[in-house]
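Close look at the chain arrangement
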Amino acid sequence: VLCTNLRMTHPIFSFAVNYGIEIVSDLQIFFDQVQGSKLIGITGTNGKSTTISLIDFILEKQNLPIVATNTGKIHPLQLSEDMDGYIFDLEDHHLDLLKNFQSYISLLLNVEPGNLGKYSHYQEYSLTKEKIISLSNESFSIIGIDSLFAKNLYLKYRNYNTGNIIPVSGERSVEGGVSCDGNAIYDNRFDMCRHGDINFSYAVIGKHNRQNVAAAYTICKILNIDSKTIIERTAKFQGLPHRLQFV
């Protein structure tokens, strides 16, 4: 079981290949144990923790047997295996090693060049992020189109997954998708209307957070949460520490 942040060029990989040893991630082991559950994977350069926390806050009073977890805080193998669904922050090292991940919902928020981490090139990094979409061609795939690479991925995959690929934006209204501006959510996918005059808290101020709101709204709609509940809970969301707060 591989630890985090090792490059795929590390000698341990060639050693494992030479001796026929399979290298897996802890998350792949967990996914194999909970086949049949609704797996919701979220990745991106920025916004993963905020989006997962917002979804968890919306679902908190819905009595749904779905657990949302930031994999940096809770080890996946410590989770109960009897839930109907799981929402995961998929880190790069998980995506590198995933082989048969079939999600119910996949979300790619963005891909930006400013956080390459263990990767030598932006192309290598972006191909890793793309795996969340390429491995889940039968699932709902949500793509944030406010970053150039992610937008191009949406244009690429919408021809293969026409019915279940959904664009989200914090900048513009999108056909067949969901967007959010300063005080409204534009739902062109489910309700086909504008949910306006929403008094969002400061925690979701900013263009980057507007796309997070649109993405969380979309996931909750797929999970059959009514729009009124989603909007009311989003307006009460206080965000995460050290993200955006008055001092």
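Here's a quick rundown of the structure.

Cut-offs and rules
Residues numbered from 1 in each chain as written. Predicted model: local features only at pLDDT ≥ 70, side-chain atom pairs only at ≥ 80, totals over all residues. Heavy atoms only, no water. Helix = DSSP H or I, 4+ residues; strand = E, 2+ residues; numbered from the N terminus. Expected span 1.5 Å × (residues − 1). Buried < 20%, exposed > 50% of the residue type's maximum accessible area, 1.4 Å probe, protein only. Contact = heavy atoms within 4.5 Å. Pairing = 2+ DSSP bridges. Axes fitted to C-alpha atoms, helices over the stretch in contact; angles between N-to-C directions. Left-handed = near helix turned anticlockwise from the far one by under 90°. Nonpolar A, V, L, I, M, F, W, Y, C, P; charged D, E, K, R; others polar. Salt bridge = Lys/Arg side-chain N within 4 Å of Asp/Glu carboxyl O. Patch = residues over 30% accessible without salt bridge, like charges linked within 9 Å, V, L, I, M, F, W, Y side chains within 5 Å. Areas by Shrake-Rupley, 256 points an atom, 1.4 Å probe, with all protein chains shown as cover. Core = buried A, V, L, I, M, F, W, Y, C linked by side-chain atoms within 4.5 Å.

Of note in this structure, Asp 197 is not a glycine but carries a positive phi near 55°. Inspection of the secondary structure puts Asp 197 in the loop between β9 (193–195) and α7 (207–222). Residue Asn 224 is not a glycine yet carries a positive backbone phi of 70°. Here Asn 224 shows up in the loop between α7 and α8 (227–236).

For helix α5 (residues 122–134), spanning 13 residues, the distance from its first C-alpha to its last is 18 Å, which sits close to the expected 18 Å at 1.5 Å a residue. For α5, the complete set of buried residues consists of Tyr 125, Ser 126, Thr 128, Lys 129, Glu 130, Ile 132 and Ile 133. Its buried side turned inward, α5 meets β1 (38–43), α4 (92–97), β4 (105–108), β5 (140–144) and α6 (148–157).

Alternating positions in β4 separate into two faces, Ile 105 and Leu 107 on one and Ser 106 and Leu 108 on the other, with burial throughout. Sheet topology places β1 next to β4; four bridges connect them, and they run parallel. Its bridge partner being in β4, Thr 43 is matched across the sheet by Leu 108. Note that β4 and β5 share four bridges and pair parallel. Across the sheet, the residue bridging to Ser 106 is Ser 141, located in β5.

Axis separation between α7 and α8 bottoms out at 10 Å; the angle between their running directions is 145°. The handedness of the crossing between α7 and α8 is right-handed. Contacts between α7 and α8 pair Val 213, Tyr 217, Cys 220 and Lys 221 from the former with Ser 227, Ile 230 and Thr 234 from the latter. Looking at the contact of α7 with α8, its residues break down into four nonpolar, two polar and one charged.

Pairing is possible between side chains that carry opposite charge, provided their charged atoms lie close to one another. Per the stated rule, a full pass over the model turns up seven salt bridges. Asp 92 serves as the salt-bridge partner of Lys 129, at 2.7 Å between the closest nitrogen and oxygen. On the criterion of sequence distance, the pair formed by Lys 129 in helix α5 and Asp 92 in helix α4 is long-range, its members being 37 residues apart. Classification of Lys 129 by relative accessible area gives buried; the value is 2%. Where Glu 130 meets Lys 156, a salt bridge forms, and the shortest distance between an N and an O atom there is 2.8 Å. Of this pair, Glu 130 sits in helix α5 while Lys 156 sits in helix α6, and the two are 26 residues apart along the sequence. Taking relative accessible area as the criterion, Lys 156 reaches 41% and is therefore assigned partly exposed.

With that out of the way, let us pick up a nonpolar patch on the surface. A surface patch of nonpolar side chains, about 420 Å² in accessible area, is lined by Ile 12, Phe 15, Tyr 19 and Ile 21. Residue placement: Ile 21 occurs in the loop between α1 (11–18) and α2 (26–33).

Okay, the nonpolar core next. If you look at the biggest cluster of nonpolar residues, it comprises 34 residues, and the most contacted ones within it are Ile 185 and Ile 219. Among the secondary structure elements, those contributing two or more residues to this core are β1, α3 (48–59), β4, β6 (165–169), β7 (178–180), α7 and α8. The element best represented in this core is α7, accounting for eight residues. Dropping the residues within four chain positions of it, Ile 219 is found in contact with Ile 40, Ile 42, Ile 55, Ile 105, Leu 107 and Ile 142. Within the second largest apolar cluster, 27 residues are counted, among which are Leu 90, Phe 101, Tyr 125 and Val 174.

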